[in-house]
Amino acid sequence: MGVVNITKNTTMICAPLMAQSVEQVLSNMYQAKAEGADVVEIRLDCINNFQPGKDLEIILTKKPLPVLIVYRPKWAGGLYEGDEHKRLEALHLAEDLGADYVDFELKVASNILGKQYSSHQSGTRFIVSCNLDCETPSEEDLGYLVSRMQATGADIIKLVFSVNDITEIARIFQLLSHCQVPIIAYSVGERGLVSQLLSPKFNGALVYGSLKGTPVLGLPTVESLRQTYKVEHINADTKVFGLISKPVGHSKGPILHNPTFRHVNYNGIYVPMFVDDLKKFFSTYSSPDFAGFSVGFPYKEAVMKFCDEVHPLAQAIAAVNTIIRRPSDGKLIGYNTDCEASITAIEDAIKERGYKNGTASFGSPLAGRMFVLAGAGGAGRALAFGAKSRGARVVIFDIDFERAKSLASDVMGAARPFEDILNFQPEKGAILANATPLGMHPNTDRVPVSEETLRDYQLVFDAVYTPRKTRLLKDAEAAGAIIVSGVEMFLRQAIGQFNLFTGKEAPKEFMREIVLAKF
């Protein structure tokens, strides 16, 4: 198996393998190849009772794809605690046996690589790595560090960060874009996920992906890199869109938006963005490359003050779930696609069941009905304004009673303390809408109301869409209510977002097919 040629202009997918036996290493290598990896990174320090001569020969003669060998000592964040001379001998042996890439830590590389290159006859490429556990260095300090690493004669350099905030990753992107030699640079942890996904845009040499069944926090899967993100199509001109949220791991947006971008031949990528500080985020990622954002929990209200302009509907609701960077002047424009998405989903479900309301003066089956709303945050505000616009009478429950009263005043509704919703007796034919995170994965057993009261609701809507059928919806269906999943709202608001992101008409049926197949 020949060496995959890592260059400045191609990004390869690498699966890190931390198996504890040689047999498992071999199995994982074949799995990695089947899932679409270009390279595997094998951590020798993870193999129990590792015997360099015997084990390396087995691994390197039976490898089905190129191999990057790492033998990480404890002082560099690894597991190896033995004799340093023997560790380095094992790495040299890996080169002799035909390893495609061998990783040396910066601390030892300066003393080794100069001598190694004088007699360097193999096709092995040398990687010099540095793991930065401290705060992300300044651009000046990073530049000095990279110069030291290049001076070792490395073919490729590798820097691993541990960022505390997504804004620190901007320095990684800057580094990837301007380094004169092939470079691997990323951050570990959930906040570092975007450093992997956007690495191809900024000329990263490798992007790491985990194997199916062995998730790693902060890493996409190899399969998602190939199928969802299709990293081979990402380039410097790719426009970046993403979900601003905290947490962000639940998002299904990438599964929907990325294939749809490709379907209409739009050069864009949609990624999850774990954001801690909105002000720092928008001041850091202010270039035209970052062209638009979805806004999730808990930022739909707070994000408004960072928009230069806000669409009248979003202004009235006081919640934004979509932001576009206007190409002509770079200004951020806020919109709300949640409102119509949620209300039309509820209306259509009622119409499909043939229910009519004799008082529907607005032509809506919601007119005149009691609309019981759990949650007065961003999604709750969208539901409340949508229900009011259809003539419904809104009753709002929120853990923050003052927030509930404020929203009730805006929609001429009523507010009640959140604890009252558990045993609240609604009018016959009422609608219940959950706009709280209760029931979201992983806390799937939590519900805002008691089972006994569900039989009094004609329809129950849950904005939570992970899982697709929540505990609340299951209980409501058992009680005989019409149920509407948050997946339907998600699809409809995503269609609205896609129109705004691209300026193109969203392929609705294509998007619905994805949702039905993968959600």
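All values derive from a computational prediction rather than experimental measurement. (Residues numbered from 1 in each chain as written. Predicted model: local features only at pLDDT ≥ 70, side-chain atom pairs only at ≥ 80, totals over all residues. Heavy atoms only, no water.)

**Some words on the side chain of Thr228**
Cut-off, in case you're wondering: In this text, helices come from DSSP runs of H or I with a minimum length of four residues, and strands from runs of E with a minimum of two, each type numbered from the N-terminal end. Every residue pair with non-hydrogen atoms within 4.5 Å of one another is taken to be in contact.
Locating Thr228 in the fold gives a position in the loop between helix H8 (222-227) and strand E9 (239-245). Beyond its immediate chain neighbours, meaning those up to four positions away, Thr228 contacts Glu223, Pro254, Ile255, Asn258, Pro259 and Arg262.

**So, the nonpolar core**
Definition in use: As used here, the term nonpolar core means buried Ala, Val, Leu, Ile, Met, Phe, Trp, Tyr and Cys residues forming a set that is joined through side-chain atoms within 4.5 Å. Think of it in three bands: with a 1.4 Å probe and only protein chains considered, a residue is buried below 20% of the maximum accessible area for its type, exposed above 50%, and partly exposed in between. Domain start and stop positions are those given by an automatic or database domain assignment.
One finds Met29, Ile42, Phe104 and Leu159 to be the most contacted residues of the largest nonpolar core, which totals 91 residues. When we break this core down by domain, the ones giving at least three residues each are domain 1 (12-235) and domain 2 (261-335). What Ile42 contacts, discounting residues up to four positions off in sequence, is Leu17, Val25, Met29, Ile59, Val67, Leu68, Ile69 and Val70. Grouped together as the second largest cluster of nonpolar side chains are 36 residues, Ile317, Leu366, Ala433 and Ala463 included.

**Observations concerning the pattern of salt bridges**
In a structure, side chains of opposite charge can pair up when their charged atoms sit close to one another. Here is the rule: The rule for a salt bridge is simple: a side-chain nitrogen of Lys or Arg has to be within 4 Å of a carboxyl oxygen of Asp or Glu.
Going through the model one piece at a time under the given rule, you end up with 32 salt bridges. Note that Arg471 is salt-bridged to Glu451, the shortest N-O span being 3.9 Å. Of this pair, Arg471 sits in helix H16 (residues 471-478) while Glu451 sits in helix H15 (residues 451-454), and the two are 20 residues apart along the sequence. Salt bridges here are not isolated pairs; linked through shared partners, they connect Arg72, Glu84, Arg87, Asp103 and Glu105.

**Details of the domain arrangement of the protein**
In terms of domains, the protein is made up of domain 1 (12-235), domain 2 (261-335) and domain 3 (339-484). A separation of 50 Å is found between the C-alpha centroids of domain 1 and domain 3.

**A few points about unusual backbone geometry**
Following Lys246, the chain continues into Pro247 via a peptide bond in cis, with omega recorded as 5 degrees. By the element assignment, Pro247 lies in the loop between E9 and helix H9 (253-263). With a phi close to 50 degrees, Asn49 is a non-glycine residue in the positive phi region. Locating Asn49 in the fold gives a position in the loop between strand E2 (39-43) and helix H2 (52-61). Although it is not a glycine, Met412 sits at a positive phi angle of roughly 55 degrees. Among the secondary structure elements, Met412 is positioned in the loop between helix H14 (401-410) and strand E17 (414-417).

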